[in-house]
Amino acid sequence: MDAATPEKRDARPSAFSKLFYFMRPDKGKMALSLMMACIGETLGMVPYVVVAALAAGLVEGTLSLETAAWLAAAAAAGQTAKFLFTWRSSMMSHGIAFRALRSMREQMAEKMARVPMGTIVDTPTGAFKNRFVDNVNQLEDAIAHFAPELPSNVFAPVLAMAIVFAVDWRMGLAGLATIPLGVLFYLGMMRGYRAKMARYISSEQKMNSTLVEYVNGIQVIKAFGRSASSYGSFSEAVAAYHDSTLAWFRQSWVWMALVRSVVPCTLLFTLPLGILLLSAGEIGLPAFMVCISIPLGFIGGVLKFAQAAGQISRMDACLNVIWDFLGSPELSRPTERIELSGEPFSFEDVSFSYHEGTEVLHGVSFRTEPGTMTAIVGPSGSGKSTVAKLMAGFWDASGGTVRYGGRDVRDIPFDQLMEHVSYVAQDTFLFDATIADNIRMGRPEATDVEVEMSARAAGAHDFIERLPQGYGAPAGEAGARLSGGERQRITIARAILKDADVVILDEATAYADPESEAAVERAIGRLVAGKTLVMIAHRLSTVVGADQIVVMDEGRVAAQGRHEELLESCPLYARMWAEHTGSVCDEDEEG
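All values derive from a computational prediction rather than experimental measurement.

Q: Explain the overall build of the protein to me, please; I cannot follow it from the model alone.
A: A count of helical and extended segments in the protein gives 23 helices and ten strands. Looking at the 591 residues of the protein, the share that counts as buried comes to 48%. Restricting the contact set of the protein to residue pairs at least 6 apart, pairs at least 24 apart contribute 77%. Total accessible area computed for the protein in this model is approximately 29,000 Å², and 59% of it derives from carbon and sulfur atoms.

Here it is as structure tokens:
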């Protein structure tokens, strides 16, 4: 594998290596864009040569109207050609830029499907917003302008000074005399610059992430009478961004102002030296005019080049965020489909820890049987949902083996595993799309009739029909236009449409309102008919008829059996049942 790929993370490649990695399909076009930019800069020197020739001709009295017209035409042609070459270079580089940005976003989106769920869950939403939007957008200029223009900003001044040195080497040295002083000021600007830039980029991303969190939590903030200024994390992030921005600007402002003031003043040296050589008869007037005018033309490129370090640092910081995410560890899955037996899930001495932290599952072993219901119960934090997510392939076991169809799930392509499993979580999520499209996520090729049949089976058809646009109604961001129970029924309709062999319900009725709970449970009954069901339950009354109940406690299997057996043999389950029935009685009395 090429060293300049995100998978190789031992040492990050240079900023340009990372940038060219994303531009590699268009490397030929970028080379052509660069060549045209250099030609354009070269042609941009023509007007300066023409001005020198016109001025010399006027002073010497040798300039005729016809010659002036031809020189003016040459200047216009040079400027027009510069525009055409620069315009074409810019158009090509912008096309390359947008294709590279699209590639970055597509690669990150595909990466999200391959990394463990923990990588997603533990990353704030604002951080993903930074990666997909802010960091990528800030790279547009780097690709569309900076990449082709930086070499041309070096090429044009070098070519211009070669012309001056060819005319008179002394005038060439005089034209470069301000650059050493500018370099000195530039080195002053770069002292500690990388660290300040890194702090600036980091604080900017932290502020953006916290802003997204603030917006998402605004309901809680308002409910408790808090404001933006009193919301500690947000205020601290804004203050850190303010301080880092000022530190960065203070570092740059004065030094860059000095560079911009000193470097363009080439006439301070070329003019007196040129007059001295002209008066001594050592150079002619045309040469004098060429040697004082051309350095004025390349200063713009030199100043742009002087700003390159800041642009490279910012570009590198943005690329590192994207590069590191693309290089993060993935769930290792094969791509070739394999033969599976009819056996459902089995856990064999499974242990698991999140991100090499504290182990949360310890030696878990149990198996499910085809067409039966297995319930997994236990106190909060006992590891029930972790077991469900290991079944769904969201993480890999740290030790032991999770099997499906007689094969280790790590040997089953993820798409193949998902063909056999429907996972319905307690945190129902709907996309900001139509109701029909949200249901069709279960099987994208499903017809409208099949979508409606699934909705009817899930008990969702009636409330969908009451919506102004019916199945074409938008669900809103994260399903915000629907109630909790309605969202759950849409999610169940999606799972019914998928028609998988195994249904995993991870506390799917946990957030159902009382009015919706009965409808949701009826929908679940239709979903699991004739299938293997694994239910993570918080209400024990829903699992009393289970073929097998697995009792979890502190990441271990405390007991297994049917309801009546566990009441006799498992004190933890008996206590949980007593607490559950007591709470139900209290609710009935209050009612």
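After presenting the structure, the write-up continues.
Q: Is there a simple way to think about the packing of helix H3 (residues 46–60) against helix H4 (residues 65–114) in this case?
A: A pair of packed helices is characterised by two quantities: the angle between their axes and the separation of those axes. Look at H3 against H4: their axes get within 8 Å of each other, and the N-to-C directions meet at 165 degrees. Regarding the angle of H3 to H4, the classification is roughly antiparallel. The hand of the H3/H4 crossing is left-handed. When H3 is examined against H4, the residues Val46, Pro47, Val50, Ala53 and Leu54 are found in contact with a partner set consisting of Ala68, Leu71, Ala72, Ala74, Ala75, Gly78 and Gln79. Tallied by class, residues from the contact of H3 with H4 come to ten nonpolar, two polar and no charged.

Q: Can you help me understand a nonpolar patch on the surface in this one?
A: A contiguous nonpolar surface patch, about 390 Å² in accessible area, is contributed by Tyr48, Leu267, Leu271, Ile275 and Leu296. Tallying contributions element by element places helix H12 (residues 267–279) first for the nonpolar patch, with three residues.

Q: Looking at this model, I keep getting lost on the sheet that holds strand E6 (residues 421–425). Mind explaining?
A: The strands making up a sheet are joined through hydrogen bonds of the backbone, oriented either antiparallel or parallel. Spatially, E6-E7-E8-E3-E9-E10 is the arrangement adopted by the six strands of the open sheet, whose pairing is mixed. Sheet topology places E6 and strand E10 (556–561) at the edges, where each strand pairs with a single neighbour. The average angle at which neighbouring strand axes cross in this sheet is 15 degrees, direction not considered. For strand E3 (residues 373–377) and strand E9 (residues 548–553), the ladder comprises four bridges, and the chain directions are parallel. If you follow alanine 375 over to E9, its bridge partner there is isoleucine 549. Of the strands in this sheet, E3, E6, strand E7 (502–506), strand E8 (532–536) and E9 touch helix H15 (residues 384–391), which is tilted by about 150 degrees from E7.

Q: What's the story with the pattern of salt bridges in this structure? I'm lost.
A: Think of it this way: side chains of opposite charge can pair up when their charged atoms draw near. One pass over the structure, following the stated rule, counts 16 salt bridges. With a shortest N-O distance of 2.9 Å, aspartate 168 and arginine 170 are connected by a salt bridge. Taking the relative accessible area as the measure of exposure, arginine 170 reaches 25% and is therefore partly exposed. One salt-bridge network, held together by shared partners, links Asp168, Arg170 and Glu282.

Q: Looking at this model, I keep getting lost on the side chain of glutamine 548. Mind explaining?
A: Mapped onto the secondary structure, glutamine 548 falls in strand E9. When its relative accessible area of 17% is taken as the criterion, glutamine 548 is described as buried. The contacts of glutamine 548, once residues within four sequence positions are left out, are Arg367, Thr368, Met373, Thr374, Ala375, Gln560 and Gly561.

Q: What exactly am I supposed to notice about the nonpolar core here?
A: Soluble globular proteins tend to pack their nonpolar side chains together in the buried interior. In this structure, Val377, Ile439, Ile464, Ile490, Val543, Ile549 and Val551 are the most contacted members of the largest nonpolar core, which totals 43 residues. Ignoring anything within four residues of it in the chain, the contact list for valine 543 reads Met373, Ala375, Val377, Met535, Ala537 and Ile549. Counting residues in hydrophobic clusters, the runner-up holds 31 residues, among them Phe347, Met418, Val502 and Val550.

Q: Teacher, can you tell me more about the confidence of the model for the protein here?
A: Detailed reading of the predicted coordinates is not advisable wherever pLDDT falls low. Summing up the model confidence of the protein, the mean pLDDT is 79 and the portion of residues at 70 or higher is 82%. Scored below 50 in pLDDT, residues 584–591 makes zero contacts in the model with residues more than four places away or belonging to other chains.

Q: Can you walk me through unusual backbone geometry in this structure?
A: Keep in mind that most residues, glycine aside, have a negative phi and that most peptide bonds are trans. The residue aspartate 349 is not glycine, and still its phi comes out positive at about 55 degrees. In this structure aspartate 349 comes out as exposed when scored by relative accessible area, which is 51%. Even without a glycine there, the phi angle at glutamate 554 is positive, about 55 degrees. For glutamate 554, the location among the structural elements is in the loop between E9 and E10.

Q: Just checking my understanding: could you explain helix H20 (residues 484–498) for this structure?
A: Two residues of an α-helix separated by three or four positions point the same way, owing to the 3.6 residues in each turn. Here H20 contains 15 residues, and its C-alpha end-to-end distance of 21 Å stays within 8% of the 21 Å for a straight helix at 1.5 Å per residue. Burial of H20 is extensive: twelve of the 15 residues sit out of reach of the surface. Every buried residue belonging to H20 is among Gly485, Glu486, Gln488, Arg489, Ile490, Thr491, Ile492, Ala493, Arg494, Ala495, Ile496 and Leu497, and all of these are buried. One or two positions beyond H20, positive phi appears at aspartate 499, with a value near 60 degrees.

Q: Would you mind going over the sheet that holds strand E1 (residues 345–353) with me for this structure?
A: Taken in spatial order, the four strands line up as E2-E1-E4-E5 in an open sheet, and their pairing is antiparallel. Each edge of the open sheet carries a strand with a single partner, namely strand E2 (359–367) and strand E5 (407–408). Across the face of the sheet, H15 comes into contact with E1, E2 and strand E4 (399–404) while running at roughly 115 degrees to E1.

Q: Sorry if this is basic, but what is going on with the packing of aromatic side chains here?
A: Given two aromatic rings, their pairing is described by the distance between the two centres and the angle made by the two planes. Evaluated as defined, the whole model comprises seven aromatic pairs. Judged by centre distance (4.9 Å) and plane angle (15 degrees), the ring pair of phenylalanine 347 and phenylalanine 366 falls under stacked. Placement of the pair is phenylalanine 347 in strand E1 and phenylalanine 366 in strand E2, with a sequence separation of 19 residues. Ring geometry for phenylalanine 352 versus tryptophan 395: centroids 5.7 Å apart, planes at 50 degrees, classification tilted. Residue phenylalanine 352 is located in strand E1, and its partner tryptophan 395 is located in the loop between H15 and E4; the two are separated by 43 residues in the primary sequence. Assigned by exposure class, phenylalanine 352 and tryptophan 395 land together as buried. Joined through ring pairs, the aromatic side chains of Tyr21, Phe22 and Trp323 make up one cluster. Its end group placed over the ring of tyrosine 21, arginine 24 keeps NZ or CZ at 4.1 Å from the ring centre.

Q: Looking at this structure, how should I read the pairing of E8?
A: In regular strands, side chains alternate between the two faces of the sheet. Across the five residues that make up E8, a large majority, five, are buried. Across the two faces of E8 the burial is the same, with Thr532, Val534 and Ile536 and Leu533 and Met535 all buried. Pairing geometry for E3 and E8, over four bridges, is parallel. The partner of threonine 374 across the bridge, within E8, is valine 534. Here E7 pairs with E8 via five bridges, running parallel. Bridge pairing in E8 links aspartate 506 to isoleucine 536.

Q: Any chance you could explain the environment of alanine 537 here in plain terms?
A: Structurally, alanine 537 can be placed in the loop between E8 and E9. Along the primary structure alanine 537 and leucine 505 are separated by 32 residues, whereas in three dimensions their C-alpha atoms are 8.2 Å apart. Beyond its immediate stretch of four places on either side in the chain, alanine 537 contacts Ile376, Val377, Lys384, Glu507, Thr542 and Val543.

Conventions and cut-offs
- Residues numbered from 1 in each chain as written.
- Predicted model: local features only at pLDDT ≥ 70, side-chain atom pairs only at ≥ 80, totals over all residues.
- Heavy atoms only, no water.
- Helix = DSSP H or I, 4+ residues; strand = E, 2+ residues; numbered from the N terminus.
- Buried < 20%, exposed > 50% of the residue type's maximum accessible area, 1.4 Å probe, protein only.
- Contact = heavy atoms within 4.5 Å.
- Areas by Shrake-Rupley, 256 points an atom, 1.4 Å probe, with all protein chains shown as cover.
- Axes fitted to C-alpha atoms, helices over the stretch in contact; angles between N-to-C directions.
- Parallel < 35°, antiparallel > 145°, perpendicular 65-115°, else oblique.
- Left-handed = near helix turned anticlockwise from the far one by under 90°.
- Nonpolar A, V, L, I, M, F, W, Y, C, P; charged D, E, K, R; others polar.
- Patch = residues over 30% accessible without salt bridge, like charges linked within 9 Å, V, L, I, M, F, W, Y side chains within 5 Å.
- Salt bridge = Lys/Arg side-chain N within 4 Å of Asp/Glu carboxyl O.
- Pairing = 2+ DSSP bridges.
- Core = buried A, V, L, I, M, F, W, Y, C linked by side-chain atoms within 4.5 Å.
- pLDDT = per-residue confidence, 0-100.
- Expected span 1.5 Å × (residues − 1).
- Phe/Tyr/Trp six-rings, centres within 6.5 Å; stacked < 30°, edge-to-face > 60°.
- Lys NZ or Arg CZ within 6 Å of the ring centre and 35° of its normal.

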